[in-house]
Amino acid sequence: MEIKLHDKYFVPFISAQELDFAIQNMAKQIEDDFAEEIPVFVGVLNGAFMVVSDFMKHYTAPCEVSFIKMASYEGTSSTNEVKQLIGINQDLTGRTVIIIEDIVDTGNTVEELKELFKKQGVKHFKIATLFFKPEAYKKDIKLDYIGIRIPNKFIVGFGLDYDGLGRNLPEVYQLKD
Ligand SMILES: O=P(O)(O)OC[C@H]1O[C@H](OP(=O)(O)OP(=O)(O)O)[C@H](O)[C@@H]1O
Ligand code: HPA
């Protein structure tokens, strides 16, 4: 059933079951790659809060979790300027940092994050994202773990918002044509 948020209509796109399956797969892959060490998962607020919560429940090896707050989107488009609103006050020298994003769209946010963590002397810097829009991506930075590739259309739900609304939806909706 379609829903209305502010002035726009959205239609169902990805079910809660498909989301859980994709997150479970990412957790399994990362666990296979990093079970020998203690990675620090860094969720990118606000959007990633739901992905991180579900991801952590599927990741069974020792790990730490922290959050950073970045923002670049206004309404349904990127401002091309990424601001860091809350940082991490932990020494990450020599640690494996795995970013957990809800979505990589233009790539502006992951580019900014890579710069930020490079300066902190981390051992490995990896990126995991639930959603990826290949047609919108403008960067050369490798995305290490991708849940679901989606077309270049605005989505909401499961942490993702349209001007603040829709983050609490347990499934994902796509902007109606
Ligand atoms: O690849 P990009 O074009 O940079 O887009 C991806 C970023 O955009 C969204 O965050 P947003 O800036 O909307 O902030 P929010 O997480 O608080 O909604 C999303 O959560 C990603 O962090
Ligand atoms: O499609 C999207 N929806 C919500 N927020 C976003 N931030 C980047 N892309 C999107």
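Residues numbered from 1 in each chain as written. Chains lettered and ligands numbered in written order. Predicted model: local features only at pLDDT ≥ 70, side-chain atom pairs only at ≥ 80, totals over all residues. Heavy atoms only, no water.

(A) Fine view of the overall build of the chain. Secondary structure assignment for the chain yields 3 helices and 10 strands. The helix and strand sequence of the chain, counted from the amino end, reads β-β-α-β-α-β-β-β-α-β-β-β-β. For the chain, whose C-alpha radius of gyration is 16 Å, the value lies close to the compact-globule estimate of 16 Å for 177 residues. Over its C-alpha atoms, taken along the principal directions, the chain stretches across nearly 45 × 35 × 25 Å. Element-wise, carbon and sulfur atoms account for 48% of the exposed surface of the chain, whose accessible area totals about 8900 Å². Here the chain carries 20 positive and 27 negative side-chain charges, and the mean point of each set is 3 Å from the other. (Helix = DSSP H or I, 4+ residues; strand = E, 2+ residues; numbered from the N terminus. Rg over C-alpha atoms; globule rule 2.2 N^0.38 Å. Areas by Shrake-Rupley, 256 points an atom, 1.4 Å probe, with all protein chains shown as cover. Lys, Arg positive; Asp, Glu negative; His and termini not counted. Charge placed at Lys NZ, Arg CZ, Asp CG, Glu CD.)

(B) Representation of the nonpolar core within the structure. Core analysis: the largest hydrophobic core is formed by 29 residues, its most contacted members being Leu19, Ile30, Phe55, Leu130, Phe131 and Phe158. For this core, the secondary-structure elements that each account for two or more residues are helix 1 (16–34), helix 2 (49–58), strand 6 (96–104), strand 7 (124–132) and strand 8 (145–149). Top contributing element to this core by residue count: helix 1, with 7 residues. (Core = buried A, V, L, I, M, F, W, Y, C linked by side-chain atoms within 4.5 Å. Buried < 20%, exposed > 50% of the residue type's maximum accessible area, 1.4 Å probe, protein only.)

(C) Representation of the site of ligand 1 within the structure. Taken together, 18 residues sit near ligand 1, with Ser72, Glu101, Asp102, Thr106 and Thr109 positioned nearest. A distance of 3.1 Å separates an oxygen atom of ligand 1 from a polar backbone atom of Asn46. Residue Thr109 places a side-chain N or O atom 2.6 Å away from an oxygen atom belonging to ligand 1. Sorting the residues of the shell around ligand 1 by element identifies strand 4 (64–74), strand 6 and helix 3 (108–118) as the ones contributing at least two each. Among the residues making up the shell around ligand 1, the classes are represented as 6 nonpolar, 7 polar and 5 charged. (Near = heavy atom within 4 Å. Polar contact = N/O pair within 3.5 Å; in protein donor to acceptor, adjacent residues only side chain to side chain. Nonpolar A, V, L, I, M, F, W, Y, C, P; charged D, E, K, R; others polar.)

(D) A look at the pairing of strand 7. With 7 of 9 residues buried, strand 7 lies mostly within the body of the structure. Bridge count for strand 6 against strand 7 is 8 bridges, and the pairing is parallel. Bridge assignment links Glu101 to a residue of strand 7, and that residue is Thr129. Taken together, strand 6, helix 3 and strand 7 constitute a β-α-β crossover, and its handedness is right-handed. In this sheet, strand 8 lies alongside strand 7 in parallel orientation, the contact comprising 4 bridges. Across the sheet, Phe132 pairs through a bridge with Arg149, a residue of strand 8. (Pairing = 2+ DSSP bridges. Right-handed = clockwise from strand over helix to strand, strands pointing away.)

(E) Molecular detail of the pattern of salt bridges. Per the stated rule, a full pass over the model turns up 12 salt bridges. In this structure, Lys8 and Asp7 form a salt bridge, with 3.7 Å as the shortest nitrogen-oxygen distance. Taking relative accessible area as the criterion, Lys8 reaches 24% and is therefore assigned partly exposed. Here Glu111 makes a salt bridge to Lys139, at a shortest N to O gap of 3.1 Å. In this pair, Glu111 is assigned in helix 3 and Lys139 in the loop between strand 7 and strand 8, connecting sequence segments 28 residues apart. The class of Glu111 is partly exposed, set by a relative accessible area of 35%. (Salt bridge = Lys/Arg side-chain N within 4 Å of Asp/Glu carboxyl O.)

By themselves these figures say nothing about function.
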